[in-house]
Every structure is written in C-alpha cells, then in structure tokens.
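Each chain, letter by letter, is given below.
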Amino acid sequence: MTLCALVLALGVSAQTTEGATEMTTMRLTLQEAIDLALSENPTIKVADLEVERYDYVRKEMLGNLYPSLSASGTYTYAVVKSEISKGLSFGADNTIAASAEVGLPLVMPAVWRSIKLTKVQMENAVEQARASRIDLVNAVKKAYYNILLAEQSLAVLRSSEATVSKTVEDTRVQYEHGLASEYNLLTAEVQLSNLQPSIIQTANSIDIAKRLLKMYLSLPENVDLALVGTLDDFRNAILNGGEELTTDISNNSQLRQLDIQAELLQQNLKLTQTSRMPSLVAFGQFSYSGNDMQRPDFSAMMGGGAAGGTTGGATGDAGTAEAVKKSFYWQHPISVGLQLSVPIFSGFKNTNKVKQVRNQIRQLDIQREYLAKSTDVQVRTSINNLLTAREKMFANEKTVAQAQKAYDISNTRYKAGAGTILELNTAELSLTQAKLNYSQAIYDYLSAKADYDKIIGKEE
C-alpha cells in the first residue's frame, strides 16, 4: 500500500491556518506503524534492492555456462602494394573478411563453484534484509511505546496540576477568611510551580519522540501523529503472561549471518581449490574472405615466353603483363576443436590462498562461539527484565490504589482543618509518583519484550 493510500485509509484530518503550512494528522495503531515502516523506510528498500542485485549476479554467473558466439568483419584497401617483380604483385587492392566464433564450456569447475557461491551470497543478502526488518520493527515499537509513556506521564502531571490548582484555590479562600495561614498558601503555590518544568519537559519529549517515529516511517514534517490507545491498554496482555518465553536463539539474525558467512568461506575455499583443476572448452571457427589480388596465368606466361624468345625484350615484357589476371577470389575455411587448460605450477599462490581462507574459517568459528554465549546471556537477561517489569507492575498497581486512598484521606483531613498542607502535598506527590512509576513499569515491560523479540529473531 502506498503512503498516500494509507493516509486516506487511516482517516487523515487537515488543519490549515492562513499563512501557515498545512498540517495533517495521522492516526496510527502500533501494527499500522510497523507496516508503514516496513513499506516506506529507506533501509528496507536498500536491503530489498541488495537481494535483487545478487539475483542478477547469480544470473550473470549462469551465463558463463551458456554457449558464446561472436562475429567480426573487416574491409581493407591497399593504397600501395608490394611487388615481387616489375608488373607482378601478389597484393590485393580490396580485401573483405568476415568471421564467427562459437565456444561451449564443457568442464568448468571454477564456474560451477562460483554459481554455488553466488547462491550463498544471495542467502546472506536475504538474511541481512531480514535483520534490517527486525531492527526496524524493534526501533518502531520502542519509539511508539516511548510516545505513549510520555503522553501518559503528561496526563498524570496535568491531572496533578489540576489537583494542586484546586488545592491552591481552596487554600486561598481559606486564607482570605482567616482559616489558613500564609505559609499554607505559599506552600501550595510552590508545589504548583514545581510541576511546570516537568510538564514542559514531558511535552517536549513527546515532540522529539514523534519526530523520531516519523523518521522511521518516512513521513514528512507536516504530518502530526495521533497514536491510538494508551499504555494501560497493554495491561491485561502483560499481566496474563502473554506468549511463552523461550531461550531458543536459533533464529537470531546475527548468528544466522555468521553461519551463512561460514558457508561462504567454505564455498570460497572450494572455489580456490578449483584453480588447480583442468578446464575444457569446445570451439568452432568459420571465416569468409575475399580479395582481388592479381594472380599469374602460367599458361599465358609460357606461351608468351616462346613468342618472346623470337621478338626480343619488348615483346617479352608485354607477354608478362598479359600473363597476369585480376579477379575476386573467395575462401571460407571452417574448423572445430577442443581446448584443454591444465594448471601445473603457479608459484604456490593457490596453496597460500587456501591457507588464508582456512585461517578465516577458524577466526569465524571463534567469533560464532563467543557470539552464541553473548546472545544466550542477552536473551536470559531480557527474560529476567520482562519478569521483573511484570512484578513491578503488580506492585505499582497496588501502590497507586494505596496512594490514592492516602491522598483522599489527607485531602479530607485538610479540608476539615485536621490535617496540614504538608501532609496533603506529600500525599499528592506520592500519588503522582506512584502513577508515573506504574506507567514506567508498563513501558519497561514493553521495551524489554521488543528487545526479546529482536534477540530471538522474531519477525512480524
């Protein structure tokens, strides 16, 4: 689906002000954001083009096994010809030649091995494209979750601002009627002022996070994103346990790429070894040429010689000139054969090339073993992070309920004159922090889940 079609399908609303750039608002779910990124992000397009390029490389190598045919033609005009004797020359004024050559590879070990090598190279390009998609999905998910966290945190801060503003107004009324001290009023106003930097910073973080997500989605600047849902919408799926977690890393893209690179080195080793093997090619040649070279008529020359013997030198010269005939002469030879090429000695170059490739294979084996251990640690750490974040959600959900109850009690006591402004402020701060911690716990779980999916090589 193209970008324009997706924009229309998602229901885009346009807002235009006089003298300002037209802004459009795009509503996106998480899955729609992922689909859009996979279709429009330049990284994915480049990866797909690389796969296509290796397909052309494979076809190019296959072409080395097909018969080859070439043709050529020449025309030559002799400005000055060589003469054997006076009036007698075997050179031609005009020469026309055309030729054709055909070759058929019969035994080509290097070409056969190169074709297998290009197949593995194409598999590597496909896996790299897969890795690019996995990385992009991970980045889109975390950017999406980051926006939801910032928006939910801003909502909590706005709610806290409204609550504290109400407290300030109530305290001001009490102060004007002599029921509250100036200290209580100033304390409430200071708490309200302290919320402003956090609100501004959170609002700015939303703008930055949206810009990052728009970059992943390849969206223009005049598009504003409106994400569907909140972090709380993921609560039930998280607390219910979701999918079963596994430590299987066989689909990890980095490990799979190393495995393919190992196969590439094995094919490269075999390709290097083919330089010691003979090759056999069948060929055929056909040529068609003609020229107007002067050729002597020996019968005329012999007759002219007898006459010339009685008439003298002048008559002999005329007889020689008449004995030379000029005609266009054509010939068309055809030949076929076999060409066998057998490598005998190359100064130990091939031996050292084989040793180089085997050295690379040993290096790759060491890297693969270390990466497997590192990836296993990462997946187990990610699972621990998931379980920890889930437990934190359970705990923070209870904490929010307790903090809400504590605030309600403190607010009631403060309005009744039995509590202090300090107690109320403390209860309100605890409630705000509990809500923020709860949102952060949800985000931590979702972010850890995105990293877990990336490590195990899960594709959308």
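Residues numbered from 1 in each chain as written. Predicted model: local features only at pLDDT ≥ 70, side-chain atom pairs only at ≥ 80, totals over all residues. Heavy atoms only, no water.

Novice: Talk me through the pairing of strand 6 (residues 279-291); I want residue IDs and the actual numbers.
Specialist: Direction of pairing for strand 4 (residues 94-107) relative to strand 6: antiparallel, over a ladder of twelve bridges. Across the sheet, residue Glu101 finds its bridge partner in strand 6, namely Gln285. Summarising the sheet, strand 6 and strand 9 (residues 329-331) pair through three bridges and their orientation is antiparallel. By the bridge assignment for strand 9, Ser289 is matched with Gln331. (Pairing = 2+ DSSP bridges. Helix = DSSP H or I, 4+ residues; strand = E, 2+ residues; numbered from the N terminus.)

Novice: So what's going on with the nonpolar core? Which residues, and what values?
Specialist: Within the largest apolar cluster, 75 residues are counted, with the highest numbers of intra-cluster contacts made by Val140, Tyr144, Leu213, Leu217 and Leu227. Listed in part, the six residues of the second largest apolar core include Ala47, Val57, Ala125 and Ala129. (Core = buried A, V, L, I, M, F, W, Y, C linked by side-chain atoms within 4.5 Å. Buried < 20%, exposed > 50% of the residue type's maximum accessible area, 1.4 Å probe, protein only.)

Novice: Residues and numbers for a nonpolar patch on the surface, please.
Specialist: Taken together, the side chains of Tyr75, Tyr77, Val79, Val80, Ile96, Phe286, Tyr288, Phe328, Trp330 and Ile334 present a nonpolar region at the surface, about 1100 Å² in accessible area. Elements that contribute at least two residues to the nonpolar patch include exactly strand 3 (68-77) and strand 6. By the secondary structure assignment, Val80 is in the loop between strand 3 and strand 4. (Patch = residues over 30% accessible without salt bridge, like charges linked within 9 Å, V, L, I, M, F, W, Y side chains within 5 Å. Areas by Shrake-Rupley, 256 points an atom, 1.4 Å probe, with all protein chains shown as cover. Salt bridge = Lys/Arg side-chain N within 4 Å of Asp/Glu carboxyl O.)

Novice: Tell me about empty space enclosed by the protein, residues and numbers included.
Specialist: Following the criterion strictly, the structure yields one cavity of 30 Å³ or more and no others. Volume-wise, the largest cavity comes out at about 30 Å³. For the largest cavity, the full set of lining residues is Val164, Thr167, Gln191, Tyr407, Leu424, Asn425 and Glu428. Of all the secondary-structure elements, those providing two or more residues to the lining of the largest cavity are helix 4 (109-176) and helix 11 (421-455). The element best represented in the lining of the largest cavity is helix 11, accounting for three residues. Looking at the lining of the largest cavity residue by residue, the classes come out as three nonpolar, three polar and one charged. (1 Å grid on protein atoms, 1.4 Å probe; cavity = no way out; pocket = protein on both sides within 12 Å on 5 of 7 lines; lining within 4 Å. Points joined across faces, edges and corners; volume = space filled by probe spheres on them. Nonpolar A, V, L, I, M, F, W, Y, C, P; charged D, E, K, R; others polar.)

Novice: Any chance you could break down the packing of aromatic side chains for me, citing the residues and the numbers?
Specialist: With the rule as written, the count across this model stands at three aromatic pairs. Consider the rings of Tyr145 and Phe234, whose centres lie 5.7 Å apart with planes at 85 degrees: the pair is edge-to-face. Here Tyr145 is found in helix 4, whereas its partner Phe234 is found in the loop between strand 5 (223-227) and helix 6 (235-239), with 89 residues between them in sequence. With 5.2 Å between their ring centres and 25 degrees between their planes, Tyr288 and Trp330 make a pair best called stacked. Residue Tyr288 is found in strand 6, and its partner Trp330 is found in strand 9; the two are separated by 42 residues along the sequence. On the basis of relative accessibility, which here comes to 38%, the residue Tyr288 falls in the partly exposed class. One residue, Arg53, lies across the ring of Tyr54, its end atom 4.6 Å from the ring centre. (Phe/Tyr/Trp six-rings, centres within 6.5 Å; stacked < 30°, edge-to-face > 60°. Lys NZ or Arg CZ within 6 Å of the ring centre and 35° of its normal.)

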